[in-house]
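The residues making up each chain are set out below.
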Amino acid sequence: MAITASSRAPQDSGSSDSERSPFVRLNELLAPHQPGKPLITLAVGEPQHPVPDFVGPVLAKHIADFGRYPANKGTDPFRTAAGAWLSSRFKLPRPLDPENEILVLNGSREGLFLAAIAAARYVGPRPGKPAILMPNPFYPVYGAGARAAACEPVYLPTTVENGFLPDLDAIDEATLARTVAFYLASPANPQGSVAKPDYFRRLKQLADRYGFVILSDECYSEIYTREAPGSALECAGPDFTRVVAFQSLSKRSNLPGLRVGFAAGDKRFIGMFLELRNIAAPQVPVPLQHVATVAYGDEAHVEENRRLYRIKFDLADQIIGDRYGYRRPDAGFCVWLNTSALGDDVSITLRLFKEAGVRVVPGSYLARLQPDGFNPGAGFIRLALVQDGETTAQALHRLVETLG
């Protein structure tokens, strides 16, 4: 189906449940009921592996720095460490300039939200209603960012037929001409699909032709069991023009509560983004940046993290097998199961909670209706394999025993 200038959310969607947090909706769905067995939650993508050993000592060493107002752009050591990590991890056209092409963030979510506003300023007026494109299903902050930037969110369905990545050939020229930004998640949440270099190059060609910004959400890039995912920055050209990548330590280093990430790429965009953050966003505490500096200089804890996730995906391979359209994701720690043959995803979610004590997320809560009424998440459930191996195996066995 072509994504045209009218391919947007229904006009009344601003007041509908679809605009609310999927996790608030899940809480409301399950609140009247009790879990049928001791609760195991696979709903929230909150890493449960141990915090790295270096975190406590580094915080203790720099505790006095909580008495300082941090610079909004980030400390020099942090930005240098982030740049060095990017150069060692990805095949970049050149090393990024830590002074002008990297910006610290309070985790990637805050950055992804404000980036939509910065993108609207960077791009300037568009012919017609400005639009921000995003995959569907998607991380809810993308939609919130588009609305905050006074742009129309245009949802690009991601299905098994298009490899769970937006079909770039299905977007018409009128929509592209009014596009301000394109949110891309690779690895994708919830399906775990990964964009290949050719995909990034084609998207960059569209960005150059139509003048929009690529906001590449890469916070799951370090959770993989086979091939390491690439970055949009690798295909961004020598000046990274119109490409900005977002990273976070939440998944990579099991530090979701640290709230430290960064944006990297287009120098002019980063400069405008910093100007916005100087008046609209809280600074990142200096002691936390010290922890992040050490984290980006250490790969041993990241490889251990990957080893633990490999064990759990091996369990999923064995326990789920070929049921529910299961496929081992290319990256990330989520499992995307097609349970449509057994009932709608909301009913399946409720059944798993009431009978098996397993908490998952209905796929329809993570997506939005397309203009034709199609919800690309409907019929799916998302599992986040964040618990330890024994607990994960127990949850998967319960799921299979309950659903058959």
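Residues numbered from 1 in each chain as written. Predicted model: local features only at pLDDT ≥ 70, side-chain atom pairs only at ≥ 80, totals over all residues. Heavy atoms only, no water.

Points about the packing of helix α3 (residues 76–89) against helix α10 (residues 286–296)
We count it as follows: As a rule, the C-alpha atoms of each element are fitted with a line to give its axis, helices using only the stretch in contact, and angles between N-to-C directions run from 0 to 180 degrees. Strands are runs of DSSP state E lasting at least two residues, helices are runs of H or I lasting at least four, and both sets are numbered from the N terminus onward. Orientation is classified from the angle alone, with under 35 degrees giving roughly parallel, over 145 giving roughly antiparallel, 65 to 115 giving roughly perpendicular, and any other angle giving oblique. Crossing handedness: left-handed means the near helix sits turned counterclockwise from the far one by under a right angle, and right-handed means the same turn made clockwise. The contact rule is simple, with two residues in contact once any of their heavy atoms fall within 4.5 Å.
It is at 9 Å that the axes of α3 and α10 come closest, and there the two elements cross at 25°. Of the possible angle classes, the one that applies to α3 and α10 is roughly parallel. The interaxial crossing formed by α3 with α10 has left-handed handedness. The residues of α10 that touch α3, namely those facing Pro77, Phe78, Ala81 and Trp85, are Gln289, Ala292, Thr293 and Tyr296.

Side note on α3
For clarity, the cut-off: To estimate how far a helix should extend, the number of its residues minus one is multiplied by 1.5 Å. Buried means the residue's accessible area, taken with a 1.4 Å probe over protein chains only, is under 20% of the maximum for its type, while exposed means over 50%, and partly exposed covers the values in between. Polar contacts, as counted here, are pairs of nitrogen or oxygen atoms within 3.5 Å of one another; within protein the pair requires one atom able to donate a hydrogen and one able to accept it, and residues that are adjacent in sequence qualify only if both atoms are side-chain atoms.
Taking 1.5 Å per residue as the helical rise, α3 with its 14 residues ought to reach 20 Å, and the 20 Å between its terminal C-alpha atoms agrees with that figure. When α3 is considered as a whole, its buried residues turn out to be Phe78, Arg79, Ala81, Ala82, Gly83, Trp85, Leu86 and Arg89. In this fold, the buried residues of α3 make contact with β2 (102–105), β7 (243–248), α8 (249–252), β8 (261–265) and α10. Its side-chain oxygen placed 3.1 Å from the backbone nitrogen of Phe78, Thr75 serves as the N-cap of α3.

Description of the pairing of strand β12 (residues 380–384)
As a reminder, the rule being used: Whether two strands pair depends on DSSP finding at least two bridges between them.
Here β12 lies mainly inside the structure; five of its five residues are buried. Where burial is concerned, the two faces of β12 agree: the one with Phe380, Arg382 and Ala384 and the one with Ile381 and Leu383 are both buried. The pairing of strand β9 (residues 334–338) with β12 spans five bridges and is antiparallel. Note on β12: the bridge partner recorded for Asn338 is Phe380.

Quick notes on the layout of surface pockets
Note the threshold: For each structure, a 1 Å grid was placed over the protein atoms alone; sets of points admitting a 1.4 Å probe that cannot get out are labelled cavities, open sets with protein on both sides within 12 Å along at least five of seven lines are labelled pockets, and lining residues have an atom within 4 Å of a point. Grid points are joined across faces, edges and corners, and a volume is the space filled by probe spheres set on the points. Throughout, the ten residues Ala, Val, Leu, Ile, Met, Phe, Trp, Tyr, Cys and Pro are labelled nonpolar, Asp, Glu, Lys and Arg are labelled charged, and all others, Gly among them, are labelled polar. Segment limits for the domains were obtained from an automatic or database-derived domain assignment.
The calculated volume of the largest pocket comes to roughly 700 Å³. As for the largest pocket, its lining consists of 27 residues, and the residues nearest its centre are Phe23, Gly45, Arg109, Tyr139 and Lys251. Sorting the residues of the lining of the largest pocket by element identifies α1 (22–30), α4 (107–123), α5 (140–148) and α8 as the ones contributing at least two each. Ranked by the residues each element gives to the lining of the largest pocket, the list is headed by α5, at three residues. Partitioning the lining of the largest pocket into residue classes produces 15 nonpolar, six polar and six charged. Viewed by domain, the lining of the largest pocket spans two of them, domain 1 (20–44 + 299–401) and domain 2 (67–296), each represented by three or more residues. Reported here for the second largest pocket is a volume of approximately 260 Å³. Forming the walls of the second largest pocket are 15 residues, and the residues nearest its centre are Lys196, Glu227, Ala228, Pro229 and Gly230. Residue composition of the lining of the second largest pocket, grouped by class: seven nonpolar, one polar and seven charged.

Quick word on the packing of α1 against helix α12 (residues 345–356)
Look at α1 against α12: their axes get within 10 Å of each other, and the N-to-C directions meet at 60°. When the interaxial angle is binned, α1 and α12 end up oblique. Considering only the axes of α1 and α12, their crossing is right-handed. Taken together, the residues of α12 that come into contact with α1 (itself represented by Leu26, Leu29 and Leu30) are Val346, Thr349, Leu350 and Phe353.

Re the side chain of Gln370
Mapped onto the secondary structure, Gln370 falls in the loop between β11 (361–362) and β12. Residue class for Gln370 comes out buried when judged on its relative accessible area of 1%. A distance of 2.8 Å separates a polar atom in the side chain of Gln370 from a polar atom in the side chain of Asn136. Among the polar contacts made by the side chain of Gln370, one reaches the main-chain carbonyl oxygen of Tyr155 at a distance of 3.1 Å.

Here's the deal with the domain arrangement of the chain
Rule in force here: The term buried area means the drop in 1.4 Å probe accessible area that two parts suffer when joined, counted for both and summed. Throughout this description, the term salt bridge denotes a Lys or Arg side-chain nitrogen within 4 Å of a carboxyl oxygen of Asp or Glu.
Here the chain is described as being made up of domain 1 (20–44 + 299–401) and domain 2 (67–296). Facing the 27 residues of domain 1 at the interface are 31 residues of domain 2. With both sides pooled, the region where domain 1 packs onto domain 2 buries about 2600 Å², and carbon together with sulfur makes up 56% of that total. Together, Arg306, Trp336 and Arg368 form the three largest contributors to the area buried by domain 1 at its contact with domain 2, with a combined 20%. For the interface between domain 1 and domain 2, the tally reads two salt bridges. Note that Arg306 and Glu222 form a salt bridge whose closest N and O atoms lie 3.9 Å from each other. Counting across the interface, domain 1 meets domain 2 through 17 residue pairs in polar contact (both at pLDDT 80 or more). Every element with two or more residues in the side of domain 1 that touches domain 2 is listed here: α11 (300–320) and β9.

Observations regarding the pattern of salt bridges
This model, assessed by the stated rule, comprises 24 salt bridges. Residues Arg307 and Glu304 are paired through a salt bridge, measuring 2.8 Å at the closest nitrogen-oxygen approach. Separated by three residues within a single helix, Arg307 and Glu304 lie in helix α11, roughly one turn from each other. Arg307 sits in the partly exposed class, given a relative accessible area of 37%. Counted as one network, the salt bridges with shared partners bring together Arg89, Glu222, Glu303, Arg306 and Arg310.

Things to note about the UniProt feature "domain: Aminotransferase class I/classII large" (unreviewed entry) in the chain
The cut-off we apply is this: UniProt positions are given in the numbering used here, feature names are shortened, and annotations may be inferred rather than shown by experiment.
Annotation from UniProt places "domain: Aminotransferase class I/classII large" (unreviewed entry) at residues 38–396. As annotated, residues 38–396 has a helix share of 38% and a strand share of 15%, and its two end C-alpha atoms lie 14 Å apart.

Structural notes on unusual backbone geometry
Along the chain, Asn136 connects to Pro137 via a cis peptide bond; the corresponding omega equals 10°. Here Pro137 lies in the loop between β3 (131–136) and α5. In this model, Asn189 is joined to Pro190 through a cis peptide bond whose omega is 25°. Positive phi outside glycine occurs at Phe164, with the angle close to 60°. Along the chain, the position of Phe164 falls in the loop between β4 (152–157) and α6 (173–177). In this structure, Phe240 takes a positive phi of about 55° despite not being glycine. Looking at where Phe240 falls in the secondary structure, it is placed in the loop between β6 (213–217) and β7.

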